[in-house]
Amino acid sequence: MKDKKQYTDETMSVHAGIEDNEHLAVVPPIYQTSTFKFNNADHGASLFSGQGDGYIYTRMGNPTIKALEDAAAQLERGHKGLACASGMAAIHTVFAAFLQQGDHVVCSEAVYGPTTTLLDSVFKKFAVEVSFVDTADTDAVKSAVKENTKILYVETPGNPTLCIADLQTAAKTAHDNNALLVVDNTFCSPILQKPLTLGADIVLHSLTKFMNGHADVVGGLIIANSEDYYKVLRKTLNLTGGVLGPQDAFLVHRGIKTLAMRMKIHCQNAQKIAEFLDQHPKVEKVIFPGLFSHPQYEIGKKQMAGPGGMISFEVKGGIEGGKVVMNNVKLCTLAVSLGGVETLIQHPASMTHAIMPREHRLEAHITDGLVRLSVGIEDADELTADLDQALNKI
Ligand SMILES: Cc1ncc(COP(=O)(O)O)c(C=O)c1O
């Protein structure tokens, strides 16, 4: 097989991370073990010194986990990956690896709620300063960067407002100031966006979402663009210990085989549903990267291979109207999380972003009546019919 990075995403999704194994099993086996035997004392010592090839202890590496890490790194066109116990474990590992007392972080104001809180509470305890800015506004980002800025942290499209940051400009801003550009690519997956090819230094994912795609695993992954960054991250993860288990790594790797195909259907369905919602009399506003009305439509088109499967919309009647829709859907499931094959609907202000102070939430345009839809791969007409009957109950 030629270098896997030369294949299309469709082919890569199926073959990434798959290498010949001891018994030539087509599907890589699950190494459900905490530890690995050394041939002799010298072998053990060589592994610990980093000279020898092999595994020591699953917190420090495991073949099933490595297969997933390789798959994600190949799909993102990155150097190496690190699988973590959750998306939050991945985010924490990146901050813990690169920040120290007195450093400053510039972070998108519309990010997953707990990311905000992690910076604003846990890292604040260690005297790390943070500025939350609208990263869709390149001038605002430039003005927020300071001499001690170490990380520009961008989620694009942002959660849940779907605002889009121009990644090439963000990379330049970060690098001009000797800072790292870290991108949470959870909403796109590498099929729709490859931040490392646009200048980012580190990409991370909640594997829980599109990467796994089946709502049955919690996991995270970091992909570094260089051996130097990888080593710092690996050392931090080995010490902090938030690693993924082999069984979960196997399941996510299996999910990735249909990632390209799933993303195509997520995008097609979401486009149809967003256009339907956009003309619905009970809907006030629809935010979706595939609609011309999206404020960063052009940037999205330039850096994303598709609009994604996430839609945010505001219904007439504010928070009460939103509740009526959520309480009356029959096919869409009222649940948080996203990126699975099933369509999920939720209310950020009272659920995923309830942890953010209301003032901060409103500044980030996460209004009280905003409803977030993670569009699955069901039949699009059946989904619109379900939303239509629920909207008509307002
Ligand atoms: C964009 C984004 N990043 C990170 C996370 C955190 O991931 P996890 O729940 O796997 O810790 C989430 C969770 O919803 C998310 O939506």
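For the structure given in this document, a descriptive report is provided here. Everything quoted here is computed from the prediction, not taken from an experiment.

A word on the overall build of the chain
Then, in step 1: Along the chain, the regular secondary structure elements total 15 helices and 12 strands.
Then, in step 2: Its C-alpha radius of gyration of 21 Å places the chain within 12% of the 21 Å reference for a compact globule of 394 residues.
Then, in step 3: The principal-axis extents of the C-alpha atoms in the chain amount to approximately 75 × 50 × 35 Å.
Then, in step 4: Counting all 394 residues of the chain, 55% fall into the buried class.
Then, in step 5: Long-range contacts, defined here as pairs at least 24 residues apart, represent 72% of the contacts in the chain between residues at least 6 apart.

Describing the site of the ligand
Then, in step 1: Around the ligand, 15 residues are found, and the nearest of them are Gly-87, Met-88, Asp-184, Ser-206 and Thr-208.
Then, in step 2: Between an oxygen atom of the ligand and a main-chain N or O atom of Met-88, the distance comes to 2.9 Å.
Then, in step 3: Separating a nitrogen atom of the ligand from a side-chain N or O atom of Asp-184 is a distance of 2.7 Å.
Then, in step 4: Surface burial for the ligand is 93%, taken as the share of its 390 Å² of free accessible area covered by protein chains.
Then, in step 5: With 3 residues, helix H4 (residues 87–98) is the largest single contributor of residues to the shell around the ligand.

Here's the deal with the sheet that holds strand E8 (residues 283–287)
Then, in step 1: Strand order in the open sheet formed by 5 strands is E8-E9-E12-E11-E10, with mixed pairing between adjacent strands. Lying at the two open borders of the sheet, with one neighbouring strand each, are E8 and strand E10 (333–334).
Then, in step 2: Of the strand pairs in this sheet, E8 and strand E9 (residues 310–315) are connected by 4 bridges, and their pairing is antiparallel. In the sheet register, Lys-285 faces E9, and the bridge partner there is Glu-314.
Then, in step 3: Set on the sheet, helix H13 (residues 318–328) makes contact with E9, E10, strand E11 (344–346) and strand E12 (370–374); between it and E9 the angle comes to about 125°.

Re the nonpolar core
Then, in step 1: By size, the foremost hydrophobic cluster in this structure holds 55 residues, and its most contacted members are Leu-68, Leu-152 and Leu-181.
Then, in step 2: Counting residues per element, this core draws most heavily on helix H3 (residues 63–76), which supplies 6 residues.
Then, in step 3: If near-sequence neighbours (up to four positions away) are discounted, Leu-152 is found in contact with Val-106, Thr-135, Val-141, Ala-170, Ala-174, Leu-180, Leu-181 and Val-182.
Then, in step 4: Of all hydrophobic cores here, the second largest spans 29 residues; its members include Val-111, Phe-123, Ile-222 and Leu-233.

Some remarks on the environment of Ala-25
Then, in step 1: On the secondary structure map, Ala-25 appears in the loop between helix H1 (9–15) and helix H2 (41–48).
Then, in step 2: Its relative accessible area of 33% is what places Ala-25 among the partly exposed residues.
Then, in step 3: Expressed as a C-alpha distance, the spacing of Ala-25 and Tyr-297, which sit 272 residues apart in the sequence, is 45 Å.

Regarding the layout of surface pockets
Then, in step 1: The space that makes up the largest pocket amounts to roughly 810 Å³.
Then, in step 2: Every residue lining the largest pocket is counted, 27 residues in all, and those nearest its centre are Gly-54, Met-60, Gly-61, Tyr-230 and Arg-234.
Then, in step 3: Taken together, the elements giving at least two residues each to the lining of the largest pocket come down to H2, H3, strand E1 (80–84) and helix H9 (227–240).
Then, in step 4: Broken down by class, the residue content of the lining of the largest pocket amounts to 8 nonpolar, 10 polar and 9 charged.

Remarks on the pattern of salt bridges
Then, in step 1: Per the stated rule, a full pass over the model turns up 14 salt bridges.
Then, in step 2: For the salt bridge of Arg-361 with Asp-368, the shortest nitrogen-to-oxygen distance reads 3.2 Å.

Parameters at a glance
- Going along each chain's sequence as written, the residues are numbered from 1 onward.
- In view of the model being predicted, local features appear only for residues whose pLDDT reaches at least 70, and side-chain atom pairs are presented and counted only at 80 or more, with totals across whole chains, interfaces and linings using the full set of residues.
- Each side-chain value is worked out from all heavy atoms of the structure, with water and hydrogens disregarded.
- By the criteria applied, helices consist of DSSP H or I runs no shorter than four residues and strands consist of E runs no shorter than two, each listed in order from the N terminus.
- C-alpha atoms define the radius of gyration in this analysis, and the globule rule sets the expected value at 2.2 Å times the number of residues to the power 0.38.
- Each residue's exposure class comes from its accessible area (1.4 Å probe, protein chains only) as a fraction of the maximum for that residue type: buried when under 20%, exposed when over 50%, partly exposed otherwise.
- Every residue pair with non-hydrogen atoms within 4.5 Å of one another is taken to be in contact.
- The criterion for a residue being near a molecule or strand is simple. One of its heavy atoms has to lie within 4 Å of it.
- Identification of polar contacts relies on pairs of N or O atoms within 3.5 Å, with a donor-acceptor requirement for protein atoms, meaning one able to donate a hydrogen and the other able to accept it, and with residues adjacent in sequence counted only if both atoms are side-chain atoms.
- Shrake-Rupley sampling with a 1.4 Å probe provides the accessible areas, and residues are treated as covered by the protein chains on show and by no other component.
- At least two bridges found by DSSP between two strands are what make those strands a pair.
- Note on method: axes are straight lines fitted to C-alpha atoms, helices fitted across the in-contact stretch only, with angles between N-to-C directions ranging 0 to 180 degrees.
- By convention a nonpolar core is built from buried Ala, Val, Leu, Ile, Met, Phe, Trp, Tyr and Cys residues, the set being connected through side-chain atoms within 4.5 Å.
- As defined here, a cavity is a set of points on a 1 Å grid over the protein atoms alone where a 1.4 Å probe fits but cannot get out. A pocket is an open set with protein on both sides within 12 Å along at least five of seven lines, and residues line them when an atom is within 4 Å of a point.
- Grid points are joined across faces, edges and corners, and a volume is the space filled by probe spheres set on the points.
- Ten residues, namely Ala, Val, Leu, Ile, Met, Phe, Trp, Tyr, Cys and Pro, are considered nonpolar, four, namely Asp, Glu, Lys and Arg, are considered charged, and the remaining ones, Gly among them, are considered polar.
- Every case where a carboxyl oxygen of Asp or Glu lies within 4 Å of a side-chain nitrogen of Lys or Arg is listed as a salt bridge.

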